[in-house]
Amino acid sequence: MTTDHGLNINNLSMRFDLPNGGSVQALKNVNLHLKSGELMSVLGPSGCGKTTLLNIIAGFLAPTEGEIQLNGSTVTGPSAERGMVFQQGALFEWMSVRENVGFGPKMKGTPKGEIRETVDHLLDTVGLGDFKEKAVYELSGGMQQRVALARCLANDPDVILMDEPLGALDALTREKMQSLVLKLWKETGKTIILITHSVEEALLLGERLLVMAPRPGRIHREYRLPFADLGVDQDLREVKKHPDYAEKREEILSMIWDMEEEIMGRMEAQS
Amino acid sequence: MSIFTQLISELFNILATFVMVLPYLIGYVLLIMLTLGIWRIVRRFMTPKQDFGALKTVTFGDESAVTSNSAASVISIVLIFVLWGSFTGSRWLPSVLHMPGAFQGEAGFSYTIELPDGSTQDATVDVVVFGAGENSPKLSVDEGAQSAKNDGVVIQAYRNKLLKWDANDEFSRKDGAKIIAINGQSIAPGGEAFVSNLRVAVTPKGTLNIEPNKGVQMEPIWLPAPEAVKDRLVEIATAGFKNFMLVEHLGYSLFRVIVGFFFGALVGIPLGYAMGLSDWFRGWFDPIVEFMRPVPPLALIPLVIIWAGIGEVGKIILLFLAALWIMAIAARAGVSGVRISKVHAAYSLGASKWQIMRYVIVPNSLPEIFTGARVAMGVCWGTVVAAELVAAEKGAGMMIMVASKFQQTDVVILGIILIGAIGFAIDMLMRWAEKIMVPWKGRG
Ligand SMILES: Nc1ncnc2c1ncn2[C@@H]1O[C@H](COP(=O)(O)OP(=O)(O)O)[C@@H](O)[C@H]1O
Ligand SMILES: [Mg+2]
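Residues numbered from 1 in each chain as written. Chains lettered and ligands numbered in written order. Predicted model: local features only at pLDDT ≥ 70, side-chain atom pairs only at ≥ 80, totals over all residues. Heavy atoms only, no water.

(A) Summary view of the overall build of chain A. Secondary structure summary: chain A contains 10 helices and 10 strands in total. What you see for chain A is a C-alpha radius of gyration of 19 Å, in line with the 18 Å of a compact globule of 271 residues. Along the first, second and third principal axes, the C-alpha set of chain A runs to 60 × 45 × 40 Å. By residue count, 52% of the 271 residues in chain A fall in the buried class. Partitioning the contacts of chain A with sequence separation of at least 6, the portion at a separation of at least 24 is 70%. By element, 48% of the accessible surface of chain A is carried by carbon and sulfur atoms, the whole surface being about 12300 Å². Counting 30 positive and 39 negative side-chain charges, chain A places the averaged centre of each group 2 Å from the other. (Helix = DSSP H or I, 4+ residues; strand = E, 2+ residues; numbered from the N terminus. Rg over C-alpha atoms; globule rule 2.2 N^0.38 Å. Buried < 20%, exposed > 50% of the residue type's maximum accessible area, 1.4 Å probe, protein only. Contact = heavy atoms within 4.5 Å. Areas by Shrake-Rupley, 256 points an atom, 1.4 Å probe, with all protein chains shown as cover. Lys, Arg positive; Asp, Glu negative; His and termini not counted. Charge placed at Lys NZ, Arg CZ, Asp CG, Glu CD.)

Here it is, written out as structure tokens:
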């Protein structure tokens, strides 16, 4: 199943060789296709290869087998067409909010006036219109993640990769940020892959929800969900009252629970 | 085995000294507690200050509850000067605060000699004690009519003098005359007697050793009064010291530090970057840097003198070496300490390697480099003073070394104060620069 448009992950495997001579099979035979503009969330117990998958898509790691194709061309390294949002600490503290957001265009050599316009627009969109000239370390964690989103969008990438972007935020801020992610997704039409540890977040922020299993890291199950589309113009708390929501949540929670149990069991057996 | 016993005996000497000092330490601590008590009482009568700290019930173990009490700082500094002035009889202090000083003025005693035939005779000794730095006064003595003539002696404060009392007498010690009493108290050779303001001892050979009372103040040659140090500051600042003006001495020291540090940073920072970015450079320089780092720069002084002499070049090479390794290690740490997510973010925002170097790695390393620079400046300042102690024609260290040879303790103390003040100022300056240049330090 190969198409020229969207993101293709073909038969991807990743093995890390360890210094002690052993190796870890972080990913095995992962196949996936994302259409342009799709929003996919990824769940799975720790160590099932979520970050590794994202790093390969971003081009930070070369897979031991398989390949990634974006709009028909093979990924060989990082590039501005695949933006990345990290959990925290990836902003440049030595730059103001404005300079952080304008970083990508500046690297491309975009004229200053144009950068200014883009940055102003994006910061207004993410609700930081009054903080443009602030230093990033003066902002709260939630605001910093808004800056990170704006910085990524300023480059107008085709795909946005998010590795637990809201993991370090408190519950209330997190809920607001989830709405913001949905709003930006709808407005920009970007392809987004979002890794999360929270089942609720995965349900709300995924048209598609991928559950991965560990050892070796692989796709365990995939869901198609209506909640992301509903959340675009509804309050997320209303979305959670949807009749299917609680059922799906229980199903996925117990699935992950079982996997974690199995990991624990294996660790006990080893020792 | 013998080195072991030697060290043990040294250890006993040190312990003995420590035990001797201990009462003073305890006294000092008691003084601190006393002022604390007074301060608490005083504060109770003032309007109570309202802050959150005052509402805390748990303060022990909460380090945020402990801030420096500025009253204690002021008292501590003032006390140092008061003690200094008190033990040196400073003019700046009212004399009630002075410790008893060395005796100056006129004193005297009488002695009794016994002749071989058993007869005794009395004579007097007039003593005049004059202060250090004063001209020794003339003393005329009425020798009297008896055959044991009266004597007179002029002594400088803190010194003693041997008196050959028989030099002017008709009987000498060779004739078997000997002193048997001072002021009527009987005394034997090797014994001593205390008369007002004097200690008079009879030596085994029978002469008199006269020592005026020293009090408990410090002799200026050990510790000059604060005003003497200030006067010396004025004198050196206007007239210079050993052919060079004070600003020249201090200016040269500072010049060496700044130039040496500059070149050390100029070479050390790129070296550290290379080590942080390339495994080949890392492997090449790691053994060199790791070996050179623990070598104290002072240990290099002899070699640098052999190679480059005692001129400016030698000193600057020394300071260059002192700063080089510190700066290289700081820059290396700054580069290796970059969070990989920052670099990844920059790559996926389209930055090239060169742009990542310029916009991410270099600014990210600045806080570490500033910390290194502060350390390096401190080490350079210490090293320059030590190098000047060894060999220099001008400089702060040379000043105190030469002064100590001429026993100009006031210059030595002045020099130490100036060296401390400049070192402190350098550190303050570096902190300030750090605040301006890397305001994000520690907030990433
Ligand atoms: N650079 C690496 N070297 C060795 N093993 C690695 C490396 N990166 C990840 N791994 C291993 O690969 C597996 C997947 O890791 P990761 O992708 O970080 O999982 P997740 O993000 O799902 O928690 C883990 O077992 C981890 O220990
Ligand atoms: Mg991860």
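Moving on from the coordinates now.
(B) Here's a closer look at the overall build of chain B. Along its length, chain B carries 12 helices and nine strands. Over its C-alpha atoms chain B spans a radius of gyration of 33 Å, topping by over 25% the 22 Å that the globule rule assigns to 444 residues. For chain B, the C-alpha atoms occupy an extent of roughly 115 × 65 × 55 Å along the three principal directions. Scored against the burial criterion, the 444 residues of chain B give a buried share of 37%. A sequence separation of at least 24 residues applies to 65% of the contacts in chain B between residues at least 6 apart.

(C) Up close: helix H10 (residues 243-270) of chain A. Residue and element names in this part refer to chain A. Look at H10: 42 Å from first C-alpha to last across 28 residues, which is about the 40 Å you get at 1.5 Å a residue. By the burial criterion, the buried members of H10 are Tyr245, Lys248, Ile252, Met255, Ile256, Met259 and Ile263. Where the residues of H10 are buried, they touch strand E3 (39-43), helix H7 (199-204), strand E9 (208-213), strand E10 (218-224), helix H8 (227-233) and helix H9 (236-239). (Expected span 1.5 Å × (residues − 1).)

(D) Expanded view of the packing of helix H9 (residues 340-348) of chain B against helix H10 (residues 353-390) of chain B. Residues and elements named next belong to chain B. Contact pair H9 / H10: the axes reach a minimum separation of 10 Å and the direction vectors enclose 150°. By the angle between their axes, H9 is roughly antiparallel relative to H10. The crossing of H9 and H10 is right-handed. On H10, the residues that touch Lys342, Val343, Ala346 and Tyr347 of H9 are Lys353, Ile356, Val360 and Asn364. Of the residues belonging to the contact of H9 with H10, the class tally is five nonpolar, one polar and two charged. (Axes fitted to C-alpha atoms, helices over the stretch in contact; angles between N-to-C directions. Parallel < 35°, antiparallel > 145°, perpendicular 65-115°, else oblique. Left-handed = near helix turned anticlockwise from the far one by under 90°. Nonpolar A, V, L, I, M, F, W, Y, C, P; charged D, E, K, R; others polar.)

(E) Expanded view of the packing of aromatic side chains. Under the defined criterion, the tally for this structure stands at 11 aromatic pairs over all chains. Pairing B:Phe81 with B:Trp84 gives two aromatic rings, centres 5.7 Å apart and planes at 40°, and the pair type is tilted. Of this pair, B:Phe81 and B:Trp84 are both found in helix H3 (residues 70-88), three residues apart, which corresponds to roughly one turn of the helix. Aromatic rings pair up to connect A:Phe92, A:Trp94, A:Phe103, B:Tyr359 and B:Trp440 into one cluster. The positively charged end of A:Arg151 is found above the aromatic ring belonging to A:Phe92, 4.7 Å away from the centroid. When the ring centre of B:Phe406 is taken as reference, the NZ or CZ atom of B:Lys242 above it lies at 4.0 Å. (Phe/Tyr/Trp six-rings, centres within 6.5 Å; stacked < 30°, edge-to-face > 60°. Lys NZ or Arg CZ within 6 Å of the ring centre and 35° of its normal.)

(F) Looking closely at the packing of helix H5 (residues 246-277) of chain B against helix H12 (residues 409-437) of chain B. Residues and elements named next belong to chain B. Across the interface, H5 lies against H12 with an axial gap of 12 Å and an inter-helix angle of 45°. In this view, H5 runs oblique relative to H12, as classed from their interaxial angle. Our pair here, H5 against H12, has a crossing hand that is right-handed. For the pair formed by H5 and H12, the contact residues are Leu246, Leu250 and Leu254 on the first element and Leu418, Ile422 and Ile426 on the second. Class assignment for the residues of the contact of H5 with H12 results in six nonpolar, no polar and no charged.

(G) Layout of a nonpolar patch on the surface. Residues and elements named next belong to chain B. Side chains of Tyr28, Val29, Leu31, Ile32, Met33, Leu34, Leu36, Ile38, Val42, Met46 and Leu83 sit close together on the surface and give an oily, nonpolar patch of about 920 Å² of accessible area. Residue contributions to the nonpolar patch peak at nine residues, all from helix H1 (residues 2-45). Turning to its location among the elements, Ile38 is positioned in helix H1. Since its relative accessible area comes to 46%, Ile38 is described here as partly exposed. (Patch = residues over 30% accessible without salt bridge, like charges linked within 9 Å, V, L, I, M, F, W, Y side chains within 5 Å. Salt bridge = Lys/Arg side-chain N within 4 Å of Asp/Glu carboxyl O.)

(H) The sheet that holds strand E8 (residues 198-202) of chain B, seen in detail. Residues and elements named next belong to chain B. Pairing in this open sheet of four strands is antiparallel, and the strands run E4-E9-E8-E7 from one edge to the other. The sheet is open, and its two borders are formed by strand E4 (161-163) and strand E7 (192-195), each paired with just one other strand. With strand direction ignored, the average angle separating the axes of adjacent strands in the sheet is 25°. Sheet topology places E4 next to strand E9 (residues 208-212); three bridges connect them, and they run antiparallel. Paired with Leu163 across the two strands is Leu208, which belongs to E9. (Pairing = 2+ DSSP bridges.)

(I) Layout of the sheet that holds strand E5 (residues 73-74) of chain A. Residues and elements named next belong to chain A. Pairing is antiparallel in the open sheet, where four strands are placed in the order E2-E1-E4-E5. At either end of the open sheet lies a strand with only one pairing partner, and these are strand E2 (23-34) and E5. Helix H1 (residues 50-58) contacts strand E1 (7-17), E2 and strand E4 (65-70) of the sheet and is inclined by roughly 120° relative to E1.

(J) Examining the site of ligand 1 more closely. All names here are of chain A. In the vicinity of ligand 1, the residues found are Phe16, Leu18, Val24, Ala26, Ser46, Gly47, Cys48, Gly49, Lys50, Thr51 and Thr52. The separation between an oxygen atom of ligand 1 and a polar main-chain atom of Gly47 is 2.7 Å. Between ligand 1 and Cys48 there is a distance of 3.2 Å, counted from an oxygen atom to a backbone nitrogen or oxygen. Computed on the free molecule, ligand 1 has an accessible area of 560 Å², of which 61% lies beneath the protein chains in the complex. Elements supplying a minimum of two residues to the shell around ligand 1: E2 and H1. For the shell around ligand 1, the element with the most residues is H1, which contributes three residues. Split by residue class, the shell around ligand 1 holds five nonpolar, five polar and one charged. (Near = heavy atom within 4 Å. Polar contact = N/O pair within 3.5 Å; in protein donor to acceptor, adjacent residues only side chain to side chain.)

(K) How the structure looks around empty space enclosed by the protein. Summed over the entire model, instances satisfying the criterion amount to three cavities of 30 Å³ or more. One number sums up the size of the largest cavity: a volume of about 70 Å³. For the largest cavity, the full set of lining residues is B:Ile301, B:Val304, B:Ile305, B:Gly309, B:Ile310, B:Gly311, B:Gly314, B:Lys315, B:Leu318, B:Ala387 and B:Ala391. When residues of the lining of the largest cavity are traced back to their parent elements, those giving at least two are helix H7 (301-308) and helix H8 (312-336) of chain B. Residues that form the lining of the largest cavity fall into these classes: seven nonpolar, three polar and one charged. Counted as a void, the second largest cavity has a volume near 60 Å³. Contributing to the lining of the second largest cavity are A:Leu149, A:Cys152, A:Leu153, A:Ile160, A:Met162, A:Val181, A:Leu184, A:Trp185, A:Thr188 and A:Ile192. Every element with two or more residues in the lining of the second largest cavity is listed here: helix H5 (141-154), strand E7 (159-163) and helix H6 (171-188) of chain A. No other element matches H6(A), which puts four residues into the lining of the second largest cavity. Grouping the amino acids of the lining of the second largest cavity by side-chain chemistry returns nine nonpolar, one polar and no charged. Two domains each put at least three residues into the lining of the second largest cavity: domain 1 (1-81 + 164-271) and domain 2 (87-156) of chain A. (1 Å grid on protein atoms, 1.4 Å probe; cavity = no way out; pocket = protein on both sides within 12 Å on 5 of 7 lines; lining within 4 Å. Points joined across faces, edges and corners; volume = space filled by probe spheres on them. Domains from an automatic or database assignment.)

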